[in-house]
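Topology and contacts: notes
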Amino acid sequence: MYLPPHDPHVDDPMRFKPLFRIHLMERKAATVECMYGHRGPHNGHIQIVKKDEFSTKCNQTDHHRMPGGRQEEFRTWLREEWGRTLEDIFHEHMQELILMKFIYTSQYDNCLTYRRIYLPPSRPDDLIQPGLFKGTYGSHGLEVVMLSFHGCVARGTKITGDPNIPAGQQTVEVDLRHRIQLPDVENLRNFNELSRLVLEAREQVRQEQQEGRREAEAGTGPDPVPAEDGGKPGDAAATAAEQPGQSGQGQPFVLPVGVSSRSEDYPRTCRMCFYGTGLIAGHGFTSPERTPGAFILFDEDRFGFVWLELKSFSLYSRVQATFRNADAPSPQAFDEMLENIQSFAS
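This text gives an overview of the structure that appears in the document. (Residues numbered from 1 in each chain as written. Predicted model: local features only at pLDDT ≥ 70, side-chain atom pairs only at ≥ 80, totals over all residues. Heavy atoms only, no water.)

Here the focus is the pairing of strand β18 (residues 312-318). Within β18, seven of the seven residues are buried, leaving the element largely enclosed by the surrounding structure. Burial along β18 is two-sided: S312, S314, Y316 and R318 and F313, L315 and S317, pointing in opposite directions, are all buried. Relative to β18, strand β8 (residues 131-136) runs antiparallel, the two being bridged by three bridges. Bridged to K134 within β18 is S317. As paired elements, strand β13 (residues 260-261) and β18 share two bridges and run parallel to each other. Residue pairing for β18: S261 is matched across the bridge by F313. The loop that links strand β17 (residues 302-307) with its antiparallel partner β18 comprises four residues; one of these, K311, has a positive phi angle of about 50 degrees. (Buried < 20%, exposed > 50% of the residue type's maximum accessible area, 1.4 Å probe, protein only. Helix = DSSP H or I, 4+ residues; strand = E, 2+ residues; numbered from the N terminus. Pairing = 2+ DSSP bridges.)

Within a sheet, adjacent strands bond to each other through the backbone by hydrogen bonds, running parallel or antiparallel. On the basis of which strands lie adjacent, the open sheet formed by five strands has the order β3-β4-β5-β6-β7 and antiparallel pairing. Bordering the open sheet on either side are β3 (20-24) and β7 (112-115), each of which pairs with just one other strand. Mean inter-strand twist for the sheet, computed between neighbouring axes without regard to direction, equals 35 degrees. The pairing of strand β4 (residues 30-34) with strand β5 (residues 42-50) spans two bridges and is antiparallel. The partner of E33 across the bridge, within β5, is N43. (Axes fitted to C-alpha atoms, helices over the stretch in contact; angles between N-to-C directions.)

Distances and angles like these do not, on their own, reveal function.
Following this line, the structure appears as structure tokens:
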């Protein structure tokens with residue numbers, strides 16, 4: 001299992017935790033051992049469900065228990081998962097979310113189903129190299145997101161989830177045809193100024209979609225192109241290149257006053273900014289809705305997203321670990337995988 005670093009150290013490397021192992025024996029026999037818990041390897045089972053999917057099951061779940069009971073298990077899990085003790089966490093809402101996550105994850109006792117995921121294909125005209133990123137999600141801690149490009153839209157798909165937004169959902173979508181020209185630092189400190197720019201971009205997107213629908217109904221123009229799939233792959237890069245600040249030097253950046261961030265250690269220069277939407281929901285993925293925000297590109301390995309409605313900022317840093325045999329055999333196979341993991345989540 002690859003785990004994000006401890007919150008909020010988004011630039012730290014991923015952590016590695018063995019879950020099971022297979023001993024190959026003579027005559028094509030093998031033994032499976034569960035590595036979960038703190039009492040050493042013990043008997044387990046693996047079942048091939050279908051192509052690109054298998055399940056693991058622990059046959060001795062008593063090895064996962066601790067002498068101090070659930071309280072000791074929770075405190076140990078908290079140190080490993082969050083790098084802190086419950087006494088260090090003063091925020092009541094954060095304590096509630098952490099407890100929910102412990103109850104949810106511990107109930108499986110390492111009886112899990114694994115499905116293959118592909119890394120996104122890349123094109124020379126992509127804004128940056130697509131791939132896996134670690135992102136800050138407020139009281140939920142750090143989560144893993146896959147950034148991929150689809151024409152003039154960038155999508156961030158959750159690979160790990162939380163009680164509000166499960167894995168597989170599109171956490172952020174970025175319209176690369178609608179760049180936002182950020183003001184100077186002094187004006188950027190004013191939240192109302194950034195809000196005005198984002199909402200203006202949203203209104204422009206709405207008007208373009210309505211105009212496209214009217215033209216299509218009247219038969220006077222091309223079919224309306226949905227925002228998430230519009231344009232050719234090269235259009236976004238060309239649009240970005242026409243804008244100032246694309247020279248590579250970037251421009252000064254600061255978060256507006258009142259926008260919360262898990263860490264103050266975010267980049268102070270950015271390359272460009274685009275209009276986007278972020279997915280929010282209640283516990284249990286209730287009442288999901290896409291809300292406006294700003295996608296901030298800092299460099300090749302870091303980007304951010306300002307959630308306008310939440311007045312919150314997420315910082316994303318590239319996962320530097322390498323994964324063998326993880327490339328999609330074709331763009332179509334990658335798109336099918338995205339659809340599949342989203343259907344599992346919903």
